[in-house]
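# Observations on chain architecture
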Amino acid sequence: MTDLKKIDTYAKKWIKEASDRIKDSFSKELTIQTKSHANDLVTDIDQATERFFIEKINSVFPDHRILGEEGFGDDVQSLEGIVWIIDPIDGTMNFVHQQRNFAISIGIFEDGVGKIGLIYDVVHDELYHAISGEGAYLNDLKIPQMRKTKLAESILGLNATWVTENRRIDSSLLAPLVKKSRGTRSYGSAALEIVYVATGRIDAYLTLRLAPWDFAAGLIIIEELGGRATNLRGEKLNMLEGGSVFFANEELHDEIIKDYLHNGKW
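Remember, it's a predicted structure, so these values are computed and weren't measured experimentally. (Residues numbered from 1 in each chain as written. Predicted model: local features only at pLDDT ≥ 70, side-chain atom pairs only at ≥ 80, totals over all residues. Heavy atoms only, no water.)

Attention shifts here to the overall build of the protein chain. Across its full length, the protein chain holds seven helices and 14 strands. Against the compact-globule benchmark of 18 Å for 266 residues, the protein chain has a radius of gyration of 18 Å, which places it among compact chains. For the protein chain, the spread of C-alpha atoms along the principal axes amounts to about 50 × 45 × 35 Å. Looking at the protein chain as a whole, 52% of its 266 residues are labelled buried. Contacts in the protein chain between residues far apart in sequence, at least 24 positions, make up 61% of those at least 6 positions apart. (Helix = DSSP H or I, 4+ residues; strand = E, 2+ residues; numbered from the N terminus. Rg over C-alpha atoms; globule rule 2.2 N^0.38 Å. Buried < 20%, exposed > 50% of the residue type's maximum accessible area, 1.4 Å probe, protein only. Contact = heavy atoms within 4.5 Å.)

Next up, the structure:
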């Protein structure tokens with residue numbers, strides 16, 4: 001039987017060690033590169049942090065596999081066995097420009113089932129964490145089950161990109177959703193926006209495109225609290241390829257899917 005407590009203990013230790021290394025970099029000059037486009041940034045700290053986790057995991061759990069954003073892990077084609085899905089710095093643009101509002105995100109899956117979710121807001125020293133079946137926590141405080149809300153009373157996590165002219169979607173499709181809501185917010189880190197849903201700081205998070213390392217840890221935390229995590233068609237998330245993402249409490253998720261997203265081409 002898999003010793004989840006042991007894995008969780010090591011993961012938390014390594015996250016704190018990695019965060020210290022990241023904070024030490026604040027006074028140094030970053031090496032910044034772009035990936036798919038000019039705003040898709042990666043730094044030498046992202047890469048070094050992922051390598052740090054891979055080295056640690058391989059030394060203690062050599063039979064575990066690693067799917068990492070920066071590509072230094074394994075060629076993961078299935079979720080058989082134990083797979084760590086890692087984003088060493090989620091919110092790299094915030095890291096570069098603000099030195100805050102970014103997180104380390106680790107989701108650990110066993111045979112395709114989420115077992116451990118860890119999201120660490122480095123600057124604010126907030127660790128959101130969950131082991132499947134044992135509740136979710138913010139540092140040492142247990143997070144209550146997600147409260148139900150209706151759209152008119154809700155704040156949505158939604159990037160303005162999706163309600164202005166863009167290549168992925170007719171922007172007018174989401175405009176009625178925005179108008180009916182109480183307001184929108186965008187924080188620039190998917191991992192943080194997902195745990196803000198988990199803690200009730202916002203009520204839903206929607207986006208047209210995320211990779212598995214952006215949402216793997218958040219998925220485990222949200223589901224542990226009774227929330228819903230699907231794509232914008234209401235389907236199960238693809239943990240190997242990613243795609244559109246929609247996190248919300250149960251009531252709000254049903255309302256938005258039924259009344260606003262059911263005709264969308266996502």
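Right, let's talk about the environment of Y120 for a bit. Residue position: Y120 is located in strand β6 (residues 113–121). A relative accessible area of 1% places Y120 in the buried class. Spatially, the C-alpha atom of Y120 lies 34 Å from that of H262, the residues being 142 residues apart in sequence. Not counting residues within four places of it along the chain, the set of residues in contact with Y120 comprises I15, K16, S19, F102, A103, I104, D125, E126 and L127. Separated by 2.5 Å, the side chains of Y120 and D125 make a polar contact. (Polar contact = N/O pair within 3.5 Å; in protein donor to acceptor, adjacent residues only side chain to side chain.)

Moving on to the sheet that holds strand β7 (residues 126–131). The seven strands lie next to each other as β3-β4-β5-β6-β7-β8-β9, forming an open sheet whose pairing is mixed. The open sheet terminates on both sides in strands that have one partner only, identified here as β3 (65–68) and β9 (141–142). As paired strands, strand β5 (residues 103–110) and β6 are joined by eight bridges and run antiparallel to one another. Of the residues in β6, the one forming a bridge with I108 is I116. The sheet contacts of helix α1 (residues 4–24) involve β4 (82–90), β5, β6 and β7, and relative to β6 the element is tilted by about 25°. Running at roughly 105° to β6, helix α5 (residues 190–199) makes contact with β4, β5, β6 and β7 of the sheet. (Pairing = 2+ DSSP bridges. Axes fitted to C-alpha atoms, helices over the stretch in contact; angles between N-to-C directions.)

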